[in-house]
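Each chain is listed here by its residues.
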Amino acid sequence: MLEARTLRKSFGRTTALDGASVEIGEGEVVAVTGPSGSGKSTLLHCLAGIIRPEAGEVLFAGRRLDTLDEDARTRLRRENFGVVFQFGELVPELTAEENVVLPLLFGGRGRRESLEAARSWLERLDVADCAGQRPAELSGGQLQRVAVARALAAEPRVIFADEPTGALDSLAGERVMGELVGAARESRATLVVVTHDNRVAAYADREIALRDGRVVAGATAATGGTADGTPGEAAAGASAAGGVSR
Amino acid sequence: MITVVRMLARGRSRRERARGRLMAAGAALATVLLCAAAHLTAFRLDARRGALGILTEKEPRLMVALTLALLAVPAAAFIYQVSRLATATRERRLAALRLAGATPREVRLTGAAESGWSALAGGTLGAAVYLLAALVARWSLGDVVPVRPLLWTPVVLAAVVLGGALSGLRAGRHVVASPLGVVRRARPRGPRVRDLALVALGVGLLAAALAGKGRFLLGGKYGAAVAIAAGAVLLLFGLVLATAWLIRMAARRAGRGAAAPETLLAARMVEADPRAWARALSVVGLTVFFGSAVGAHQALTVFQSDLTAFQAASYALLYLALLTAMVTSAGALVAHQAEALLDHRRSFAVLAASGVPVPALGRVLTRQALVAALPVCVVSAVAGTGVVVLLLAELYARRPGALAVSVAGAAAMAGIGVLAAVLVARAARPILRRWVRPGELRAG
Amino acid sequence: MSTGHVLLGLLSERPKHGYELKKEHDQRLPGAKPLAYGQVYATLQRLERGGLTEVAGTAQEGGPERTVHAITEAGRAELDRWLAEIEAPAPYVASPLFARVVVATLAGGTAEEYLLRQRAAHLTRMRELTARKASGSPAQVLAADYALQHLDADLRWIETALERHTVLKGETDA
Ligand SMILES: Nc1ncnc2c1ncn2[C@@H]1O[C@H](COP(=O)(O)OP(=O)(O)OP(=O)(O)O)[C@@H](O)[C@H]1O
Ligand SMILES: [Mg+2]
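Residues numbered from 1 in each chain as written. Chains lettered and ligands numbered in written order. Predicted model: local features only at pLDDT ≥ 70, side-chain atom pairs only at ≥ 80, totals over all residues. Heavy atoms only, no water.

Taking an unreviewed UniProt entry as the reference, chain C is identified by name as DNA-binding PadR family transcriptional regulator belonging to Streptosporangium sandarakinum.

Chain A carries the name Putative ABC transport system ATP-binding protein in an unreviewed UniProt entry, which gives Streptosporangium sandarakinum as its organism.

Things to note about the confidence of the model for chain C
Residues and elements named next belong to chain C. Convention followed: Values of pLDDT, the confidence the predictor places in each residue, fall between 0 and 100. Only DSSP runs of H or I with at least four residues qualify as helices, and only runs of E with at least two residues qualify as strands; both kinds are numbered from the N terminus onward.
Of all residues in chain C, 87% attain a pLDDT of 70 or more, and the chain-wide mean is 82. Of all secondary-structure elements in chain C, the lowest mean pLDDT belongs to helix α5 (residues 96-106), at 75, while helix α3 (residues 37-49) reaches the highest, 90. This complex was scored by the predictor with a pTM of 0.71 and an ipTM of 0.78.

A look at a nonpolar patch on the surface
Residue and element names in this part refer to chain B. Let me state the cut-off plainly: Without a salt bridge and with relative accessible area above 30%, a residue can belong to a patch; like charges are then joined within 9 Å and nonpolar side chains (Val, Leu, Ile, Met, Phe, Trp, Tyr) within 5 Å. Note on areas: Shrake-Rupley, 1.4 Å probe, and residue coverage restricted to the protein chains presented here. Definition used for salt bridges: Asp or Glu carboxyl oxygen within 4 Å of a side-chain nitrogen of Lys or Arg. We call a residue buried when its accessible area falls under 20% of the maximum for its residue type, exposed when it is over 50%, and partly exposed in between, using a 1.4 Å probe and counting protein chains only.
On the surface, Leu370, Leu374, Val378 and Val382 cluster together into a nonpolar patch covering about 330 Å² of accessible area. Within the secondary structure layout, Val378 lies in helix α14 (residues 358-391). Taking the relative accessible area as the measure of exposure, Val378 reaches 41% and is therefore partly exposed.

Considerations on the nonpolar core
Going by this rule: Think of a nonpolar core as a cluster: buried Ala, Val, Leu, Ile, Met, Phe, Trp, Tyr and Cys residues, connected wherever their side-chain atoms sit within 4.5 Å. Contacts are assigned to residue pairs that have any heavy atoms within 4.5 Å of one another.
In this structure, A:Leu180, B:Leu265, B:Leu281 and B:Phe348 are the most contacted members of the largest nonpolar core, which totals 95 residues. A total of 12 residues in this core trace back to one element, the largest contributor, which is α14(B). Not counting chain neighbours up to four residues away, the residues in contact with B:Phe348 comprise B:Leu265, B:Met269, B:Leu341, B:Leu361, B:Val364, B:Leu365, B:Leu432 and B:Val436. Core analysis: the second largest hydrophobic core is formed by 31 residues, A:Leu17, A:Phe81, A:Val194 and B:Ala353 among them.

A word on the confidence of the model for chain A
Residue and element names in this part refer to chain A. Residues of chain A with pLDDT of at least 70 account for 89%, and the chain-wide mean is 83. Averaged over each element, pLDDT in chain A is lowest for helix α9 (residues 233-245) (36) and highest for strand β8 (residues 190-194) (94). Of the regions scoring below 50 in pLDDT, residues 224-246 engages in 31 contacts with residues more than four places distant in sequence or in other chains.

Pasting the structure below:
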């Protein structure tokens, strides 16, 4: 479904991606983890066709994405991808509701229908009360939830979320992750979440671990997560039990 | 203190530097315009030479005075526009300083120093250019162009720098009050009722003076003249101030009924910052106002066969001034467009990243221009025509065709104004294309 | 001792018999080690001897006749006292995980690989718990939260350890 081969991307002298390869299947939920500055956001932006890698290939549904021109990639993003950016990134002049509606309108949906969809998503993310407020009047957590609503409302085939719970307390984060994963499973969409919260990563089927711009674990479904988790199962179980009775 | 300014200057991002350069360019242009205006008043008008001869007659002299005023008004508005450039972002930056522990005084001085430096750099360039141009004019026109007034150039330069620094001081005003208030300023302050009161007062004075048919409550004939002049001036300033209010209303209406996302976004963006648009469009509005007024006046002479050469020449001169004003307006619009782009860059980059095609974003720019310029130009045109028609109601009554001609002229002026705004917005599209590259997403 | 206090807590709702107490204990503390019936019986005896509970009669619902226990005034006072106390923050790090890492570093720098495997195992367990939370009862969710946060703490420690390990190695290499 989504594949990256030996991506390389640098900004000036810093190398953000240094030969990263990943493969993500349809309907899979993956977490991209790694220390700060390890290239998680950059990888996400490359996969979403927002930026172009200097070397390597990005494939979406078998089609090269990195060689497409800007217009084609824009169309692809609009029709297939939903993105939650690391810093929320709402349009400050629009109300929360209008921020969610806007991409739907740009996608060619009618005003009434878009408004209804936006309302129901705001409701699901528990920010219906803020529908008429502008981003400057929202808290960090509310902003993030509106941004998630915006990404989900268009029912994309792939959802990219960069630290979607960064500004949330653990219960609100749980709720947002629940909606993200739920929405993805419901529509068989693929979800790629960048996070450095292990509890968020635990929502994913698999973890893609980045380190200095390289993938150190979980590059493909076979190498990460559940598949090789089995041998460690007993140890983990024992440790968890130890934790509880402590 | 100086260290802080230097540090800020060094740490300024690409867009901050672009802002500084824009401001310097604005200061340069304003200096040139102001120098020209100051210099023109000193031209030797009694030197009977060719086409310039008309300036020695009494009636056209009035026209010349009006011309000079026309030149000076856009120049002043332009320097104001430029010095206020990108206040929103700058305020945010200064507020960050405040949060970092700077005292209110330091923040103000930092703002003043920043904009003062830009104004000095640009102003010096402008003064140099103007001196060069004046010398060339002297060389080609001889003693019509006096040399001594050029000594005033440093004064003009000082005024420009002072204006820049003062606007920097003013920019820190809100920040000083509350650092957080600006960082997360929720809704923009609404335009004040006072702005509308000025319009009402102006209209009232005009109406009272005109109703008296040349007689006024006080001072008889002269009183009426003074009342008419004061009413016109009040109306003019009121209109400029009310522009923000007008734009806000128009944008709100447009946003409410918008079906197209471009219109929705454009209307909301205009609604969020009507003052910036009002600043930029006040010059356009003035031009349209004067243009319509001149057009209405001229409409009376269209059916007149004995048009004197003097009259023809003064109309030509007026239109030349209008053209200059229009060019200045376009300059103000360009400056505003650049400012708006800088301020909205991040939003546009995010929208582009989430799949909004760049042409659609280009349409957002043009629709913003339409939403803001249309009401301003229409109101200005109506006001300009209205004032002249009311003043010369008797003449209009005698020439039935004149009204139609002046309405057509006003419509044309309004059209030109809107067109200028739209053209500037269209011209900004290549810049938009370059700036919304998703790489910009980071440069927060 | 906490088993006694948990039983006192369960009895504070209403009088219960031994089997009921065992069932409720396992149900309310789903992540904890299930209680053996013998242990319930022994604890009840100890509580009764201390005057914290008393026999409140017998009950028979189809099966064998069962003794019903009730909490006494002294028992309530003891429960209140216990609840007012705080749990002493653990003074010693007593985790096999910690011991393994220290030993692994002693044994010559194989800790990194071990840590990576341990991390994968922890994350797998966290994944299971997260999935269970989606459909669990409130008590199960609470228990899963408890386990998840402890696992998360372990994981964060593992990450720091990995990070420090590279730094330390870098220092010795240089
Ligand atoms: N536009 C840019 N300009 C310059 N450097 C950049 C840019 N984008 C990323 N980098 C650099 O590339 C590296 C990787 O950045 P990236 O944002 O992908 O990290 P990350 O893993 O998302 O970090 P975090 O967890 O802090 O968000 C960093 O060193 C960063 O400084
Ligand atoms: Mg990041």
